[in-house]
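Letter by letter, the chains look like this.
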Amino acid sequence: MHETDMTKALIYTVKNWWKSQPKQPRISQIHLIVGKFTCVEPASLQFAFEVQTRNTFLEGVKLVIQETPLIAFCHRCQQEYFPQIGLQYACPDCHSPMDDIRSGRELKIDKIEYGYASNL
Amino acid sequence: MHQTFNAALGINLLYANQQCADHNRSHFDEWGITCFNIMSSPGAGKTALLERTLASLSDELKIAVIEGDMTTNLDAERLQKYGVPVIAINTGRSCHLDAKMVAGGIHQLAQEYNPADFDLVLVENVGNLVCPAEFEVGEHAKVALLSVTEGEDKPLKYPIMFQEADCLLITKIDLAPYLDIDVSQIAANVWQMNPDVAIIPVSAKTGEGLEAWFDWVRRCFAAATRSQTSQHR
């Protein structure tokens, strides 16, 4: 399942960032952007993340996944449209092919939320 | 008091694979090799197509194959009979080849042979219409296969594969008269997401369309070689 490989890549990237901090913080959330026009299923990513972070510095960290819709731009009509995945990809008005995807192909770590435990 | 901070990363999850794929491609460019990533669902005829390709082109072009399969060496064994190097990669539970696996195959090829002797490396990917198109392996072109028995709607259901393809082979075309298939509808569906793809109906069994496929291979090889030569000036 490729979400397993992507989760490994995600953990590796976050770990590198974490180690590079002058003082290692406590990460609370990792925000991802996952486009709907990718082969990634967010639920599988959540599952793989939970399994792979057990007993690590990321245990308990919340994975927040923002899904972006598939949006294409028709150059002939000069406007955006929403292709219907599985049914119709060409522009619904002029039927030009979908050749400019503006949203929906993202697969990225957007940001990390973290803090430092206060000294009492 | 627990103050929260945000660190904006903006890092692509496929970044590591892309870097490795780019590295693979730079090796191929250095050696003057053109690489095709051949993908389809299981049973669409990738191995049969490769058999016909090796039988016809291996005198004209020096070819090596990197053969990906989840388990077994059955496909690799079929192709070894054609007298070309075949590097078999078992992906285990992974449903596609990734750049790191192909890097291992390239390394093996470079150890056993002089890689600069080769013109083409054909990567036969794992049978899967969903994932392989997302994971570059270092190829110069993606070749997708869709057999007439799979139905006209597959490009709509698996758009990423058909959108990424540089060449689409409609295989088992000899069976078309026995099926309720409209080949022009396949082309129309693919056109919606990829108007520039070369579409070639072929039959590995009867030989129909294979010469057009071989010509596409030759043209693509010539174009890649010209680009590689001008890069190294």
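Since the structure is predicted, the reported quantities are computational estimates derived from the model, not experimental observations. (Residues numbered from 1 in each chain as written. Chains lettered and ligands numbered in written order. Predicted model: local features only at pLDDT ≥ 70, side-chain atom pairs only at ≥ 80, totals over all residues. Heavy atoms only, no water.)

## As for the packing of helix α1 (residues 2–20) of chain A against helix α2 (residues 42–52) of chain A
Residue and element names in this part refer to chain A. Two elements in contact, α1 and α2, have axes whose closest approach is 9 Å; the angle formed by their N-to-C orientations is 55 degrees. Taken together, the axes of α1 and α2 lie oblique to each other. With respect to the hand of their crossing, α1 and α2 are arranged in right-handed fashion. Of the residues in α2, those in contact with Glu3, Thr4, Met6, Thr7, Lys8, Leu10 and Ile11 of α1 are Ser44, Leu45, Ala48, Phe49 and Gln52. Here the contact of α1 with α2 is composed, by residue class, of six nonpolar, four polar and two charged. (Axes fitted to C-alpha atoms, helices over the stretch in contact; angles between N-to-C directions. Helix = DSSP H or I, 4+ residues; strand = E, 2+ residues; numbered from the N terminus. Parallel < 35°, antiparallel > 145°, perpendicular 65-115°, else oblique. Left-handed = near helix turned anticlockwise from the far one by under 90°. Contact = heavy atoms within 4.5 Å. Nonpolar A, V, L, I, M, F, W, Y, C, P; charged D, E, K, R; others polar.)

## A closer look at the confidence of the model for chain B
The predicted coordinates should not be examined in detail at positions where pLDDT is low. Considering every residue of chain B, the mean pLDDT works out to 94; 99% of them sit at 70 or more. If you check the scores for this complex, the pTM reads 0.92 and the ipTM reads 0.85. (pLDDT = per-residue confidence, 0-100.)

## Quick notes on the pattern of salt bridges
Within the structure shown, the criterion is met by 14 salt bridges over all chains. For the salt bridge of Glu50(A) with Arg54(A), the shortest nitrogen-to-oxygen distance reads 2.9 Å. With a relative accessible area of 40%, Glu50(A) lands in the partly exposed category. On the basis of relative accessible area, Arg54(A) is assigned to the partly exposed category, the value being 44%. The structure contains a network of salt bridges with shared partners spanning Asp22(B), Arg25(B), Glu136(B), Glu139(B), Lys142(B) and Glu164(B). (Salt bridge = Lys/Arg side-chain N within 4 Å of Asp/Glu carboxyl O. Buried < 20%, exposed > 50% of the residue type's maximum accessible area, 1.4 Å probe, protein only.)

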